[in-house]
Structures are given as structure tokens and as C-alpha cells.
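Observations on the model geometry
Residue-level listing of the chains:
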Amino acid sequence: MSGPPPPARELARIAWSPRTGAREGARLAAEEAAIALVFDGGAEAVMMATPADLEDFGIGFALTEGVVRAASEIKALEIVELDRGIEVRMRLDREIGADLLKRRRMRAGPVGCGLCGIDSIEAALPALPHVDSTLSFSPDALLAGMRAMSEGQSLGAATRAVHAAAFLDPREGVIAVREDVGRHNALDKLAGALARSGRSAGGGAILLSSRLSVDLVQKAARIGAPAIACVSAPTALAVRTARDAGIAIAAIVRDDGFEAFAYPERFGLSLLQDA
């Protein structure tokens, strides 16, 4: 390969409307590529992802999926371009690598539920670390953070086809935005960016441009994020999981308000109580 593919490409298209009829033109389309996340020579997952911020992606995936407990347990990282995709190759601390190899051997064989390589219901819904935090965010800060995330979505503005994840510090505002065609990938990239900068996820809230499902809550819990806010709605399981993990949830965040589903007092809604 001559180099990694760009995050977006221009595509020829014909647009039609009843007012103007058919018109030739072009649209910038988000690119996606097969990205293999490889640990100690073994592929843990292959994701269709936006081919950008791949160092963040690799480290963040390792953290949010529980492969490592800290970024320092990744001893080396290399991006390798192949004919049909890209490998993010990581070398782990010897003890961590041995544990991962043991887990791979245990799950070898037919896949049970087919959830991204997870082979049992127990593995899909594991016990999560509890996030102990009293960090709060005013409603105004939350709405301002969502606006800042939207303004920081350069690829999203150009393509209308990617998700974003951002980190909101209650004192500094939004300090990082990562984009990807996959909402999970965007969160992984954000987690990696925080780890690489030495910033703890415990010091702010994760903002998402998507709905909130349980697997995103699981990822947030593993990096110790105390709050999540998203522009769409959460699933019921995501809310239950967040409550159990100590994570505050605000959803359907719009310019005219939002809805709090867990720990509303952390969003300045002290008159409300969790159901």
C-alpha cells in the first residue's frame, strides 16, 4: 500500500429533487477499512473503522475491552498497512500476554451467542468495576459540551456519516473529540487519546453522538468514567447497568434540554430521584 486510506473520499453522484430535477455533483463520503487489533501476534478483533487515530484506537480498545488495565501494559504498538486492511499490532507485558493467551484457548470452538466473539451470556454481561465519584456537571455545561462536540466533528460535518465521542471536563470544557463510522470505535479512540495524554477518564464525562447501549456503558466503566451524555436515547439495560456501576446518565441531550436517567443530582437535578 502507498499509505493509509484517507478518512473520507469524494464520490460522484446525481442528486434529484422536485424543485431542481437531476443534478450531477459530488459528495464527500466517510471511508471505512478493516482494522485488525492484534495482541502478541494474535488478532483479538477485526473492526470496520475509520482509518484515522489508529494508535488511540488500539490503546483504547485494549483498555475498554479489559485486555489491559493500564496503557503502560502495552509495551509496543505498530501500525502495519496490508493490501486489504490495516493491523494495529501491540506487544503486551509478558504476564498480561500470558493471561490473554489462556483466555483465547478457553474460548476456542463454536461461538455461542455470536456477539463479537463473546461465547456466553456471562461473558457478554460481566461484572464491572464500580465508579465511585461525586463529580457534577451543570445543565448549562452539559449543553455547551454537546454543542462543542458537534462543532468539533469536522469529518461528521463533511460526510454526515460518522459518530463522535468527546470528553467533557467540568472546568475546561470539551478537551478531546474522536470520530469514526462506528460509535464503539469512536469511544475506543477517545479512551486511547485520554490514556496517551495522561488524563484520567474519572475527571469528566463522556459525550456520545449516538444512542446508548449496554456495551458502551461497559467500556465507560472499565476506564472509570463517572458520567455519560448522549444525543439519543439509552436502552433500559444500559440504564440499569449504569446505575449498578455508579455512572450518571443524561440522554436525548438537545439545545432545549435533556433527560437524566441515573444519578440526576450530578447534572444539577437534585429535586429528582432515581426510579
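In this text the structure is predicted, and so the values were computed from the model without any measurement. Positions within a chain are numbered from 1, following the residues in the order the chain's sequence is written. Note on the predicted model: pLDDT of at least 70 is required for a residue's local features to be given, and 80 or more for side-chain atom pairs to be given and counted; whole-chain, interface and lining totals, by contrast, use all residues. The side-chain figures draw on all heavy atoms in the structure; neither hydrogens nor water molecules are used.

With that settled, consider the packing of helix H6 (residues 183-197) against helix H7 (residues 214-222). To get an axis, fit a line to the C-alpha atoms, keeping to the stretch in contact for a helix; angles then go from 0 to 180 degrees between the N-to-C directions. Elements are defined by DSSP. Helices are runs of H or I of four residues or more, strands are runs of E of two residues or more, and each kind is numbered from the N terminus. With their axes 10 Å apart at the nearest point, H6 and H7 run at an angle of 5 degrees to one another. What the angle tells us is that H6 and H7 run roughly parallel. Of the residues in H7, those touching H6 at Arg183, His184, Leu187 and Asp188 are Asp215, Leu216 and Lys219. Residues are grouped as follows: Ala, Val, Leu, Ile, Met, Phe, Trp, Tyr, Cys and Pro are nonpolar; Asp, Glu, Lys and Arg are charged; all remaining types, including Gly, are polar. Looking at the contact of H6 with H7 residue by residue, the classes come out as two nonpolar, one polar and four charged. Note on terminology: angles under 35 degrees are roughly parallel, angles over 145 are roughly antiparallel, angles of 65 to 115 are roughly perpendicular, and the others are oblique. Two residues form a contact once any of their heavy atoms are found within 4.5 Å.

Glycine aside, negative phi is the norm for most residues, and most peptide bonds take the trans geometry. Phi angles above zero are rare outside glycine, and Asp40 is one such case at about 50 degrees. With respect to the helices, strands and loops of the structure, Asp40 is situated in the loop between strand S3 (33-39) and strand S4 (42-49). The buried label applies to any residue whose accessible area, calculated with a 1.4 Å probe on protein chains only, is under 20% of its type's maximum; exposed applies above 50%, and partly exposed to all values in between. We classify Asp40 as partly exposed; its relative accessible area is 38%. For Ile252, which is not a glycine, the phi torsion comes out positive at approximately 50 degrees.

Let's shift gears to H7. Buried residues dominate H7, accounting for seven of its nine residues. Once H7 ends, the next one or two residues include Gly224, with phi positive near 80 degrees.

Another point: a positive patch on the surface. Put simply, a patch holds well-exposed residues, over 30% relative accessible area, that have no salt bridge, with like charges counted together within 9 Å and Val, Leu, Ile, Met, Phe, Trp or Tyr side chains within 5 Å. All accessibility values rest on the Shrake-Rupley procedure with a 1.4 Å probe; residue burial counts only the protein chains present in the view. Salt bridge criterion: a side-chain nitrogen from Lys or Arg within 4 Å of a carboxyl oxygen from Asp or Glu. Charge counting follows a simple rule: Lys and Arg are positive, Asp and Glu are negative, and His as well as the terminal groups are ignored. One atom stands in for each charge, and that atom is NZ of Lys, CZ of Arg, CG of Asp or CD of Glu. A surface patch of like charges, here positive, comprises Arg13, Arg19, Arg23, Arg27 and Arg160. With respect to the element layout, Arg13 can be found in strand S1 (residues 8-17). With relative accessibility at 31%, the residue Arg13 sits in the partly exposed group.

Using the criterion set out here, one finds 13 salt bridges in the structure. Linking Arg69 and Glu73 is a salt bridge whose minimum nitrogen-to-oxygen distance equals 3.1 Å. Residue class for Arg69 comes out exposed when judged on its relative accessible area of 66%. Of the residues examined, Glu73 reaches a relative accessible area of 13% and is grouped as buried. Taken together, the shared-partner salt bridges connect Asp53, Asp56, Arg178 and Arg196 into one network.

A ring pair, where both rings are aromatic, is described by two values, the distance of the centres and the angle of the planes. We call Phe, Tyr and Trp rings a pair once their centres come within 6.5 Å, taking the six-membered ring for Trp, and we label the pair stacked below 30 degrees between planes, edge-to-face above 60, and tilted otherwise. Counted under the stated rule, the structure contains three aromatic pairs. Here the aromatic rings of Phe258 and Phe267 are separated by 6.0 Å at their centres, their planes lie at 70 degrees, and the arrangement is edge-to-face. Phe267 matches Phe258 in its accessibility class, with the two residues each being buried. Site record: aromatic cluster; members linked through ring pairs are Phe137, Phe258 and Phe267. The criterion is that NZ of a Lys, or CZ of an Arg, lies within 6 Å of the ring centre and within 35 degrees of the ring normal, and then a charge sits over that ring. Over the face of the ring belonging to Tyr263 we find Arg266, whose NZ or CZ atom lies 4.4 Å from the ring centre.

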